[in-house]
Amino acid sequence: MEMVRACMRPAASASSGPRVLVLGGTGRVGGSTATALSQLRPDLNILIGGRNREKGMPLVSKLGQRSEFIHVDIRNSSRLKEVLEGVDLVVHAAGPFQRDDKCTVLQAATFTKTRYTDICDGVDYSWRAKSFHEQAKASGVPALITAGISPGVSNVMAAELVRTAKGESGGEPETLRFFYYIAGTGGAGPTTLGTSLLLLGEDVIAYDKGSEIKLKPYSGARNIDFGKGIGKKYVYLMNLPEVKSTHKNLGLPTVHALFGSDPFIWNWGMETFANFLPSDLLRDKNVTLKFAECVDPFIRVIDGIVGERVAMRIDLESSNGHTTTGLFAHNNLSVSVGYAAAAFALAVLEGSTKPGVWFPEEPEGIAIDARKLLLRRASRGVTNFTMNK
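The protein is annotated in an unreviewed UniProt entry as Saccharopine dehydrogenase NADP binding domain-containing protein of Aegilops tauschii subsp. strangulata.

Caption draft 1: Looking closely at the domain arrangement of the protein. Once the domains are mapped, the protein shows domain 1 (19-149 + 341-349) and domain 2 (153-332 + 382-386). Taking only C-alpha atoms into account, the centre of domain 1 sits 24 Å from that of domain 2. Listed as interface residues are 15 residues of domain 1 and, on the opposing side, 25 residues of domain 2. In total, about 1700 Å² of surface goes out of reach between domain 1 and domain 2, with carbon and sulfur atoms giving 62% of it. For the interface between domain 1 and domain 2, the tally reads three residue pairs in polar contact (both at pLDDT 80 or more).

Caption draft 2: View of the nonpolar core. Counting residues in each nonpolar core, the largest one holds 103 residues, and the members touching the most others are Leu37, Tyr116 and Val153. Here the element with the most residues in this core is helix α15 (residues 333-349); it accounts for 13 residues. Counting residues domain by domain, this core receives three or more from each of domain 1 (19-149 + 341-349) and domain 2 (153-332 + 382-386). In contact with Leu37, not counting residues within four places along its chain, are Val20, Val22, Leu44, Ile46, Ala342, Ala345 and Leu346. Among the nonpolar cores identified, the runner-up in size contains twelve residues, and Phe179, Ala183, Leu237 and Ala329 belong to it.

Caption draft 3: Up close: the environment of Glu271. Tracing the sequence through the fold places Glu271 in helix α11 (residues 264-276). Considering only alpha carbons, one finds Glu271 and Leu200, 71 residues apart in sequence, at a separation of 8.7 Å. Those residues in contact with Glu271 that sit more than four places away from it in its chain are Tyr218 and Tyr236.

The rules we used
Residues numbered from 1 in each chain as written. Predicted model: local features only at pLDDT ≥ 70, side-chain atom pairs only at ≥ 80, totals over all residues. Heavy atoms only, no water. Domains from an automatic or database assignment. Contact = heavy atoms within 4.5 Å. Buried area = accessible area lost by both parts, 1.4 Å probe. Polar contact = N/O pair within 3.5 Å; in protein donor to acceptor, adjacent residues only side chain to side chain. Core = buried A, V, L, I, M, F, W, Y, C linked by side-chain atoms within 4.5 Å. Buried < 20%, exposed > 50% of the residue type's maximum accessible area, 1.4 Å probe, protein only. Helix = DSSP H or I, 4+ residues; strand = E, 2+ residues; numbered from the N terminus.

Structure follows, in structure tokens:
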């Protein structure tokens with residue numbers, strides 16, 4: 001049976017180019033990922049996967065002859081497997097991932113022996129996906145999870161800060177802090193708002209001197225300097241997957257992540273929701289997504305006023321008091337996350353990832369000698385990118 005499946009899959013060649021399927025390609029993030037892939041690797045054949053052909057065809061026309069629309073619903077396992085038989089890599093960008101209790105795309109990719117990446121930003125989903133590690137390894141399938149901008153690029157930046165600190169500072173890396181900022185929704189629309197609302201229903205998992213602690217979402221405000229072009233912004237505790245994964249994979253005893261937005265009324269609103277709305281309501285995916293869709297026109301007006309900037313700051317403190325920082329800033333979130341997701345997809349396609357399910361900071365996920373190229377691709381168009389400051 002496996003020999004039959006291998007024969008059914010079209011072989012990639014220099015003339016045809018590898019076939020990459022972007023699920024959620026009709027969305028803003030998925031569409032940006034497909035566009036970035038076509039710019040970074042013009043030889044790719046890019047398939048836009050989604051349920052709405054009318055939404056997908058404009059992007060197909062924009063990308064040209066090497067692109068086509070594929071009708072697929074990720075909830076239909078048999079259709080997924082049928083589609084994956086003919087591709088070399090699948091990029092799962094059909095979020096939000098919060099409250100999703102099945103890894104149907106990863107399981108289908110493992111079955112069809114198709115390389116896999118996703119832009120998951122949910123803690124539970126990421127570790128559910130990680131539980132398929134041995135299955136993917138046995139099938140010879142390289143799978144990279146949480147491979148977007150944050151998490152994703154931020155994980156690789158953290159791994160490089162840790163690697164450099166161990167070689168230069170003379171101290172042992174101890175404390176890792178992720179700080180994130182988005183102006184409005186970063187131009188990503190209701191999906192970003194829906195994801196943020198779902199996160200307000202989750203306790204924040206952080207680590208303090210090796211112990212796991214639970215904190216209140218959107219608490220612990222700090223005023224953080226994100227460097228030139230962004231300046232100082234308030235950020236708040238959020239439950240993000242890179243905290244747990246870098247704690248475990250990089251061996252750091254103290255890790256936490258904070259996020260903030262503009263205008264400040266967004267932060268005030270998020271803090272109010274976290275304090276006064278029932279957590280059960282915030283965890284209801286249908287309710288939060290419907291609310292996000294209802295206020296989308298208003299959000300787009302605000303985005304037009306405040307812009308769509310995104311910034312990350314990662315601080316690493318060592319036992320000898322030495323602190324190093326990585327900074328990343330871009331004027332458009334959806335464009336930036338597109339290049340980030342594309343950079344990870346190309347790394348997997350080009351052989352950087354070993355069989356199994358990996359987080360970006362694991363060297364088996366992104367090889368150490370492949371990180372420089374990945375960060376160069378992911379930082380295309382940035383207004384600021386600094387490491388080991």
